[in-house]
Amino acid sequence: MTSGTTLPSGPAGRKRLHVITWGCQMNVYDSGRMSDVLAPLGYAPADTPDGADMVILNTCHIRDKAAEKVFSELGRLRRLKDASGGRMILAVAGCVAQAEGKEILARAPYVDIVLGPQTYHRLPEMVAQAARAGGAVIETEFPAEDKFDHLPEQSAPQGVTAFLTVQEGCDKFCSFCVVPYTRGAEQSRSAPTILAEARRLIAQGSREITLLGQNVNAWHGAGTDGAAWGLGRLLRAMAELPGLGRLRYATSHPRDMDDDLIAAHRDLPMLMPFLHLPVQSGSDRILAAMNRKHTGDDYRRLADRLRAARPDIAFSSDFIVGHPGETEKDFEATMALVRDVGFAQAYSFKYSQRPGTPAAGAPGQVAEAEKDRRLQALQALLRDQQTRFNAACVGREMNVLFTGPARHPGQVAGRSQYLQPVHVLGVPSLAGRDLPVRIDAALPNSLSGTLVQERLSA
Ligand code: SAH
Ligand code: SF4
Ligand code: F3S
């Protein structure tokens, strides 16, 4: 990209920006930051793409049909762009843009901007260039500069719960996964910049912060004292920020749970007792083929150590069924691990061949019907565990961080420490408060309860 471009003139004319977000929590965070970058150019958020001056489609490449999904959405957006007389700027961002940028421009030449996840800070220049040249702009290299050094400090408020990216990229190269290719090498932000962003989020009303990274527990950065910190140390510093009530981090790799991080679960009451710790499989043979570099028993021991540190901790995980080479016996080992560890919640997927990843061309691809059967069996077991976990909450008193009005009038919604949605009768002004609630009923995916009044009036 050429330097010295003039930016489109500022907030004089208010423009409408609509962002469509697919994929993981980091994409949600990124969409917010792209809006922040464009705000000084006069772009304000719009709820729908109809009549928007600019639409960004923030994409995910993790499982199959990712590209087809993008092209079908682009077809829909093209009609809106045509209706605008071609004035609407159409940008494709995220992991499909990174992986298939050139193909997007070839198949959808009406797209104005294609940008990978590491170039969001350059959006204003790209918008200027697209407006000037009337041709497409593509930015999918991994630039030498760190985008976090160039993103604006100013950010739109995220609400009671907020995401904060502290680490990006992945060096693990699991056999099945595109992330190391779409997000690039592991990079950690420094503790002072993270803490400064956290302070701004708290000043804007956030009470819970989730530190994000593709491998968040691999975070290692310069501390406020200049020493090299790990995630445990960073969490301890976060816990000292006045006004913050709850802390979480996601997503973690079992191999990066070091002693200090486990100790942080023991020492920090505000670190929520709920950990998303993907295991993918319970078979040592498949874990090796996946390049996960740990065994099923390593994971069991890790869960035990975390439970010893924080007895009320509950786990969530990701599973893949039908990785190349997975036999019925391997699948049974996954079922056994699930029974042994016990999960409060989980995501499970059929293995999906991703172009360019080692497993895509591996022998022993599993038949689709077999993957379906295994997925159904696994999901039945996981659903049963989730139901039992939720049912065990009934009659208990749990802390709920209220986020805002619930769907039913007169009810207010919030999240338990285990991220379960909880509804109670109450006024929406409770938003931002973390209060004890007696759980009265468990629904399949949420809980309902009653405020514990004595403490409320205290
Ligand atoms: N960094 C995280 C996971 C990121 S991707 C980790 O190490 O676990 C989110 C989830 O998508 C993965 O945990 C995995 O379960 C699933 N996934 C990734 N690639 C996949 C593929 N090719 N097929 C099916 N599921 C996949
Ligand atoms: Fe993908 Fe593995 Fe990296 Fe997770 S650790 S992002 S699954 S390569
Ligand atoms: Fe998807 Fe990229 Fe996130 S592939 S899961 S958006 S890192």
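In this text the structure is predicted, and so the values were computed from the model without any measurement. (Residues numbered from 1 in each chain as written. Chains lettered and ligands numbered in written order. Predicted model: local features only at pLDDT ≥ 70, side-chain atom pairs only at ≥ 80, totals over all residues. Heavy atoms only, no water.)

J.: Is there a simple way to think about the overall build of the protein in this case?
T.: Tallying secondary structure elements over the protein gives 13 helices and 21 strands in all. Taking 2.2 N^0.38 as the reference for a compact globule, 458 residues should give roughly 23 Å; the C-alpha atoms of the protein span a radius of gyration of 23 Å, in line with that estimate. Taking all 458 residues of the protein together, 53% fall into the buried category. About 19,700 Å² of surface is accessible on the protein, with carbon and sulfur atoms providing 53% of the total. (Helix = DSSP H or I, 4+ residues; strand = E, 2+ residues; numbered from the N terminus. Rg over C-alpha atoms; globule rule 2.2 N^0.38 Å. Buried < 20%, exposed > 50% of the residue type's maximum accessible area, 1.4 Å probe, protein only. Areas by Shrake-Rupley, 256 points an atom, 1.4 Å probe, with all protein chains shown as cover.)

J.: Hey, could you run me through the environment of Gly94 in this one?
T.: Among the structural elements, Gly94 can be located in helix α3 (residues 94-107). Taking C-alpha positions, Gly94 is 9.0 Å from Gln118, a pair spaced 24 residues apart along the chain.

J.: Got a minute to help me understand the sheet that holds strand β10 (residues 208-212) in this structure?
T.: Note: strands within a sheet are paired through backbone hydrogen bonds, in either parallel or antiparallel orientation. With respect to topology, 3 strands assemble into an open sheet ordered β7-β10-β13, the strand pairing being parallel. Bordering the open sheet on either side are β7 (161-165) and β13 (246-250), each of which pairs with just one other strand. Across the sheet, the mean angle from the axis of one strand to that of its neighbour is 25 degrees, orientation sign disregarded. With respect to the sheet, helix α1 (residues 25-38) is in contact with β7, β10 and β13, its orientation differing from that of β7 by roughly 90 degrees. Sitting on the sheet, helix α6 (residues 191-203) is in contact with β7 and β10, with an inclination near 160 degrees to β7. (Pairing = 2+ DSSP bridges. Axes fitted to C-alpha atoms, helices over the stretch in contact; angles between N-to-C directions. Contact = heavy atoms within 4.5 Å.)

J.: Please explain the domain arrangement of the protein as it appears in this structure.
T.: By a widespread convention, an interface's size corresponds to the accessible area lost as its parts come together. Looking at the protein, the domain boundaries give domain 1 (2-139), domain 2 (147-392) and domain 3 (397-455). Computed from C-alpha atoms alone, the centre-to-centre distance between domain 1 and domain 3 is 37 Å. (Domains from an automatic or database assignment.)

J.: Help me understand the pattern of salt bridges in this model?
T.: Side-chain pairs of opposite charge can arise where the charged atoms are in close proximity. As enumerated under the stated definition, the model contains 38 salt bridges in all. Note that Glu197 is salt-bridged to Arg189, the shortest N-O span being 2.9 Å. Each member of the pair Glu197 and Arg189 is classed as buried. Between Arg305 and Asp259 there is a salt bridge; the shortest N-O distance is 2.7 Å. Here Asp259 lies in helix α8 (residues 259-267) and Arg305 lies in helix α10 (residues 296-309), a separation of 46 residues in the sequence. When its relative accessible area of 55% is taken as the criterion, Asp259 is described as exposed. Here the salt bridges do not stand alone but share partners, grouping Glu326, Glu328, Glu370, Arg373 and Arg374 into one network. (Salt bridge = Lys/Arg side-chain N within 4 Å of Asp/Glu carboxyl O.)

J.: So what exactly am I meant to see when it comes to α10 here?
T.: Turn by turn, an α-helix covers 3.6 residues, leaving residues three or four places apart pointing in a common direction. Here α10 contains 14 residues, and its C-alpha end-to-end distance of 20 Å stays within 8% of the 20 Å for a straight helix at 1.5 Å per residue. In the core, the buried residues of α10 are packed alongside α8, β14 (274-276), α9 (284-289), β15 (314-321) and α11 (328-341). Where α10 begins, the side chain of Thr295 points an oxygen toward the backbone nitrogen of Asp297, at a separation of 3.4 Å. (Expected span 1.5 Å × (residues − 1). Polar contact = N/O pair within 3.5 Å; in protein donor to acceptor, adjacent residues only side chain to side chain.)

J.: What should I look at first to understand the site of ligand 1 in this one?
T.: Close to ligand 1 lie 15 residues, the nearest being Arg63, Gln214, Gln280, Asp318 and Ser352. The backbone of Gln214 places a nitrogen or oxygen atom 2.8 Å from a nitrogen atom of ligand 1. Measuring from a nitrogen atom of ligand 1, one finds a backbone N or O atom of Ser352 at 2.8 Å. (Near = heavy atom within 4 Å.)

J.: Can you help me understand unusual backbone geometry in this one?
T.: The phi torsion of most residues other than glycine is negative, and most of the peptide bonds are trans. Thr251 follows Ala250 through a cis peptide bond whose omega is 0 degrees. In this fold, Thr251 is placed in the loop between β13 and α8. You will see that Phe173, though not glycine, has its phi angle at about 50 degrees, which is positive. Secondary-structure assignment places Phe173 in the loop between β8 (167-168) and α5 (179-182). Relative accessible area serves as the criterion here: at 39%, Phe173 is assigned to the partly exposed category.

J.: Quick question: what am I supposed to make of the sheet that holds strand β19 (residues 421-425) here?
T.: What the 5 strands build is a closed barrel, ordered β17-β18-β19-β21-β20; its pairing is mixed. The sheet shows a mean angle of 50 degrees between the axes of neighbouring strands, direction not considered.

J.: What's the story with the packing of aromatic side chains in this structure? I'm lost.
T.: Each aromatic ring pair is characterised by the separation of its centres together with the angle its planes make. Summed over all chains, the structure comprises 5 aromatic pairs. Ring centres 5.5 Å apart and planes at 85 degrees place the aromatic pair Phe319 and Phe343 in the edge-to-face group. Of this pair, Phe319 sits in strand β15 while Phe343 sits in the loop between α11 and β16 (345-350); the two residues are 24 residues apart in sequence, bridging distant segments of the chain. Looking at Phe343, the relative accessible area reads 3%, which means it is buried. Of the aromatic side chains, those joined through ring pairs into one cluster are Phe274, Phe389 and Tyr418. The lysine or arginine in question, Arg63, covers the ring of Phe349, its NZ or CZ lying 3.6 Å from the ring centre. Across from the ring centre of Phe71, 3.7 Å away, lies the NZ or CZ of Arg107, which sits over that ring. (Phe/Tyr/Trp six-rings, centres within 6.5 Å; stacked < 30°, edge-to-face > 60°. Lys NZ or Arg CZ within 6 Å of the ring centre and 35° of its normal.)

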